[in-house]
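Given next are the chains, with one letter for each unit.
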Amino acid sequence: MILKHDAASIARMDLNLFRVFEVIYRERNLTRAAAVLHVSQSAVSHALARLREQFADPLFVRQGRGVAPTALAQRLAPGIFDSLAGLQQSLARVGRFDPLVDQRTITLNMPDQLEPTLLPSLLQHLLEGAPGLRVRTSSVRWRELSLEMAAGHIDLAIEIARPVESALRQVQLLSEPLCVVAGPMFQGELDASRYLAAGHVAVASWRRGLSYEDLALSHLGLARRVLQRCQNYHAACLIAGQSSLLLTMARRHAELLNRGSSNRILPLPLPLPPVGLNLYWHEDMEQDACNAWLRRQLLLLSGARN
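Just so we're clear, the structure is a prediction, and the values are computed from it rather than from any experiment.

Novice: Looking at this structure, I do not really get the side chain of Ser-211. What am I missing?
Specialist: Mapped onto the secondary structure, Ser-211 falls in the loop between strand E8 (199-203) and helix H8 (212-219). Separated by 2.8 Å, the side chains of Ser-211 and Asp-214 make a polar contact. Once residues within four sequence positions are removed from consideration, Ser-211 is found in contact with Ala-202, Val-203, Arg-224 and Arg-229.

What follows is the structure, given as structure tokens:
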């Protein structure tokens, strides 16, 4: 590493600048870096100017709508990342967390349709084991999740299993088999040919988005007739109950929403994989005592449910 000044100048450097370097390197965009750091874009630009002066190198150059690291920045990055991670781990080890007395609010991100099946049991568990903890739920889109977690706005997330970028960690939480909800107007047994020939109601929370089961069917080279789409499963269950349309959904959620109704819950007559739900957290929280404790509790609860 060659600085503009002598080697002793490291003692006079603002170590916060290395955090700015890390975020710019990861985000490749000054606007997103400012959001992660909770500062203005001009503050990020000023910090980058100081880094450039210290290292006598541009470090990041414009590329499209963002920035790209120079050769020197690429050489600096591994050492800076390792040093910041080591500091974070050291701080986490000395940080104390006592679930019986600690008081804080945890933000848990999940699709709103998961709340009825997951949140009540979690809150009951915390009431007994961590009475001072409060859980606030959110439902940001997947493409925004990493940025929100990096900024510290979200502590943990429960989402459908999918590939993630390197800054996120994940572990399988639940595996939910699919079933079919049929209303009184749909009579008789259900086999694969009748399932594919029937009309369906599907749930997709994004515009023109395919549901999980449609994607799974497409992998088998199959397709069904979706005649109605809606945004949540409660509405979809009501539609199925008032029509001959079939609804495919996770069994545990179906049992909860259709309790006391005249709808039938039938086995899915096709070999579609279960819905995998994973627990996600940011790498910066890997050693955080509270975050790690809460991850263990969620995994314990999921073990009891599987």
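Novice: What is the right way to read the pairing of strand E10 (residues 246-250) from this model?
Specialist: Two faces make up the sheet, and in a regular strand the side chains alternate between them. Taking burial as the measure, the five residues of E10 include five buried ones, the bulk of the element. As paired strands, strand E7 (residues 178-182) and E10 are joined by five bridges and run antiparallel to one another. Its bridge partner being in E10, Val-181 is matched across the sheet by Leu-247. The sheet contact formed by E8 and E10 spans two bridges and is parallel. Counterpart to Val-201 in the pairing with E10 is Leu-247.

Novice: Could you clarify how one ought to interpret the side chain of Thr-248 in this entry?
Specialist: Here Thr-248 is to be found in strand E10. If sequence neighbours within four positions are ignored, Thr-248 has contacts with Leu-178, Cys-179, Val-180, Tyr-195, Glu-213, Arg-224, Tyr-233 and Leu-268.

Novice: Is there a simple way to explain the pattern of salt bridges in this structure?
Specialist: As a working rule, side chains carrying opposite charge can pair if their charged atoms are close by. Per the counting criterion, the structure on display carries eleven salt bridges. For Glu-176, the salt bridge identified is with Arg-252, shortest N-O distance 2.7 Å. Residue Glu-176 is found in strand E6 (residues 168-176), and its partner Arg-252 is found in helix H10 (residues 251-257); the two are separated by 76 residues along the sequence. Its relative accessible area of 7% is what places Glu-176 among the buried residues. Taking relative accessible area as the criterion, Arg-252 reaches 21% and is therefore assigned partly exposed.

Novice: Explanation requested: the sheet that holds strand E4 (residues 133-138) in the structure shown.
Specialist: What holds strands together in a sheet is hydrogen bonding between their backbones, with the strands either parallel or antiparallel. Strand order in this open sheet of five strands is E4-E3-E5-E12-E6, and the pairing throughout is mixed. One side of each edge strand has no neighbouring strand; the edge strands of this open sheet are E4 and E6. For this sheet, the mean angle separating the axes of adjacent strands, direction not counted, is 25°. One ladder, built from four bridges, connects strand E5 (residues 156-160) with strand E12 (residues 275-282); its direction is antiparallel. The partner of Ala-157 across the bridge, within E12, is Tyr-280. Its contacts with the sheet put helix H5 (residues 115-129) on strand E3 (104-109), E4, E5 and E6, and the angle it makes with E4 is roughly 165°.

What counts, and at which threshold
- Residues numbered from 1 in each chain as written.
- Predicted model: local features only at pLDDT ≥ 70, side-chain atom pairs only at ≥ 80, totals over all residues.
- Heavy atoms only, no water.
- Helix = DSSP H or I, 4+ residues; strand = E, 2+ residues; numbered from the N terminus.
- Polar contact = N/O pair within 3.5 Å; in protein donor to acceptor, adjacent residues only side chain to side chain.
- Contact = heavy atoms within 4.5 Å.
- Buried < 20%, exposed > 50% of the residue type's maximum accessible area, 1.4 Å probe, protein only.
- Pairing = 2+ DSSP bridges.
- Salt bridge = Lys/Arg side-chain N within 4 Å of Asp/Glu carboxyl O.
- Axes fitted to C-alpha atoms, helices over the stretch in contact; angles between N-to-C directions.

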